[in-house]
Amino acid sequence: MGEFELIEKYFKVPHARKDVVLGPGDDCALLTLPADSQLAVSTDTLVSGVHFLPDMDPVDLGYKALAVNLSDLAAMGAEPRWVSLALTLPAINERWVAGFAEGFLELAEYYNVALVGGDMTRGPLSITVSVKGSVPSGRALLRSGARVGDGIYVTGTLGDAALALSHLLGKRNLNENQLAAVLPRLEHPHPRILAGQALRGLANSALDLSDGLASDLGHILKASGVRAQIDLDLLPLSPVMQDAVFPEDAWQLALAGGDDYELCFTVPEDHRGALDTALAHSGVKFSRIGRILAGEPGIDYIRAEQPVALSLKGWDHFA
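Here the structure is a predicted model, which means the values were calculated and not measured.

As for the packing of helix H2 (residues 58–75) against helix H3 (residues 94–110)
(1) Moving on: Taken N-terminus to C-terminus, the directions of H2 and H3 make an angle of 40 degrees; their axes are 6 Å apart at the nearest point. Between H2 and H3, the interaxial angle falls into the category oblique. The two elements H2 and H3 cross, and the hand of that crossing is right-handed. Only Trp96, Gly99, Phe100, Glu102, Gly103, Phe104, Leu107 and Ala108 of H3 make contact with H2, whose side of the interface consists of Pro58, Val59, Leu61, Gly62, Tyr63, Ala65, Leu66, Ala67 and Leu70.
(2) Moving on: Within the contact of H2 with H3, the residues separate by chemical class into 13 nonpolar, three polar and one charged.

Have a look at this one:
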């Protein structure tokens, strides 16, 4: 079976979105953007052995490939609409392709995202996904808006995906119940789409956590020209994390482990009440973990109101 037959069999699915004028099958897709909105686009490449284990289940991989990209749209407060997919495969493995398509298209259907094009070629296994969404003009959440006095918040819990990965790599030994609790955080992250949209008009800045809080929050601090103080006692850690590792290891996983795909955002104090109401409707738990300070971009860590020295670094593709 060749490239076009694979695409026709597994990826050419009917779409119900009226904003897709022309989908796969021509040189370009033709799409209609809503009035008074801006186009939000994010593209990521996942490489075997770098971003995922080579033996990862293809259904889970298909799901995650789309989920991590949708997380970028969530961080901007955007509504997902369309996606393009480029697959590079070392050889045609129809069973693998069928599984990947199942996971990818299941999540696309859940978020009403239309697959509108892409490519398939031969080479080392890699996946490139480009998601497109819309956001009301002028209301996108940016990294550059954090202000002195803002509270720093995160959704969900931190470090569970990194904890699961450390087990799979043989660096830690979780029991069966512990692994079952954290493995879905690695393989099936939940993009915080509704939470991101709820933050429009409330958050001064936002991004998604892919490379670890210490690294990703640094992008907000640099773009906004501010400093942060993080209280280690306020980091949201799951019961498994607290049970499986010592506090110092939990901080490392939560701050620099990566693969969380939660949202980190800053909110002024006078929006705290509105924040509670807005995110209550999104079904996502969130925690205040620190505050924005004046000063050079960087992070100060405290515990029991005392400074704590930590040496942390998030994920770097070229480190």
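What to know about the pattern of salt bridges
(1) Moving on: Applying the stated rule across the entire model yields twelve salt bridges.
(2) Moving on: The salt bridge involving glutamate 262 is made with arginine 192; its shortest N-O contact spans 2.8 Å. Remark: arginine 192 occurs in the loop between helix H5 (176–187) and helix H6 (193–198) and glutamate 262 occurs in the loop between helix H9 (247–256) and strand S10 (263–267); sequence separation between them is 70 residues. Here glutamate 262 matches arginine 192 in class, with each residue buried.
(3) Moving on: We note a salt bridge from arginine 303 to aspartate 233, for which the minimum N-O separation is 2.8 Å. Remark: aspartate 233 occurs in the loop between strand S9 (227–231) and helix H8 (239–244) and arginine 303 occurs in strand S12 (residues 299–303); sequence separation between them is 70 residues.
(4) Moving on: Given the relative accessible area of 35%, arginine 303 is considered partly exposed.
(5) Moving on: For aspartate 233, a relative accessible area of 43% translates into the label partly exposed.

What to know about the sheet that holds strand S4 (residues 79–89)
(1) Moving on: One open sheet holds the four strands; their spatial order is S3-S6-S4-S5, and the pairing between them is mixed. Strand pairing shows two members of the sheet lacking a second neighbour, strand S3 (37–47) and strand S5 (114–122), which therefore form its edges. Put simply, the sheet's adjacent strands are angled 15 degrees from each other on average, direction ignored.
(2) Moving on: As paired elements, S4 and strand S6 (residues 126–136) share nine bridges and run antiparallel to each other. If you follow alanine 86 over to S6, its bridge partner there is threonine 128.
(3) Moving on: H2 contacts S3, S4 and S6 of the sheet and is inclined by roughly 35 degrees relative to S6.

Here's the deal with helix H7 (residues 213–224)
(1) Moving on: The end-to-end C-alpha separation of H7 is 16 Å, in line with the 16 Å expected for twelve residues at 1.5 Å each.
(2) Moving on: Glycine 225 occupies a position one or two residues after H7 and carries a positive phi of about 70 degrees.

Describing the sheet that holds S10
(1) Moving on: Sheet architecture is open: seven strands sit in the order S8-S10-S7-S11-S9-S12-S13, paired in mixed fashion. Strands at the two margins of the open sheet, each flanked by one partner only, are strand S8 (205–208) and strand S13 (306–308). For this sheet the average axis-to-axis angle between neighbouring strands, irrespective of direction, equals 30 degrees.
(2) Moving on: Pairing geometry for S8 and S10, over four bridges, is antiparallel. Bridge pairing links aspartate 208 to leucine 263 in S10.
(3) Moving on: Packed on one face of the sheet, H2 meets S8 and S10 and runs near 175 degrees to S8.

Digging into the UniProt feature "binding site: ATP" (unreviewed entry) in the protein
(1) Moving on: Per the UniProt record, the feature "binding site: ATP" (unreviewed entry) sits at Gly118, Asp119, Arg143 and Ser210. The named residues occupy 93 residues along the chain; their greatest pairwise C-alpha distance, 31.4 Å, places them well apart from one another.
(2) Moving on: Position of arginine 143 among the secondary structure elements: in the loop between S6 and strand S7 (151–155).
(3) Moving on: If sequence neighbours within four positions are ignored, arginine 143 has contacts with Ser205, Ala206, Leu207, His219, Ile220, Ala223 and Ser224.
(4) Moving on: In this structure, serine 210 sits in the loop between S8 and H7.
(5) Moving on: Those residues in contact with serine 210 that lie beyond four places of it in its chain are Asp216, Gly258, Asp259 and Tyr261.

Examining the environment of proline 80
(1) Moving on: Structurally, the position occupied by proline 80 is in strand S4.
(2) Moving on: A residue is classified by how much of its surface remains accessible, and proline 80, at 5% relative accessible area, is buried.
(3) Moving on: Considering only alpha carbons, one finds proline 80 and glycine 133, 53 residues apart in sequence, at a separation of 4.2 Å.
(4) Moving on: With residues up to four places along the chain from it excluded, the contact list for proline 80 reads Arg17, Leu70, Leu73, Tyr111, Asn112, Val113, Lys132, Gly133, Ile193 and Gln197.

Cut-offs used in this document
Residues numbered from 1 in each chain as written. Predicted model: local features only at pLDDT ≥ 70, side-chain atom pairs only at ≥ 80, totals over all residues. Heavy atoms only, no water. Axes fitted to C-alpha atoms, helices over the stretch in contact; angles between N-to-C directions. Helix = DSSP H or I, 4+ residues; strand = E, 2+ residues; numbered from the N terminus. Parallel < 35°, antiparallel > 145°, perpendicular 65-115°, else oblique. Left-handed = near helix turned anticlockwise from the far one by under 90°. Contact = heavy atoms within 4.5 Å. Nonpolar A, V, L, I, M, F, W, Y, C, P; charged D, E, K, R; others polar. Salt bridge = Lys/Arg side-chain N within 4 Å of Asp/Glu carboxyl O. Buried < 20%, exposed > 50% of the residue type's maximum accessible area, 1.4 Å probe, protein only. Pairing = 2+ DSSP bridges. Expected span 1.5 Å × (residues − 1). UniProt positions renumbered as here; feature names shortened; annotations may be inferred.

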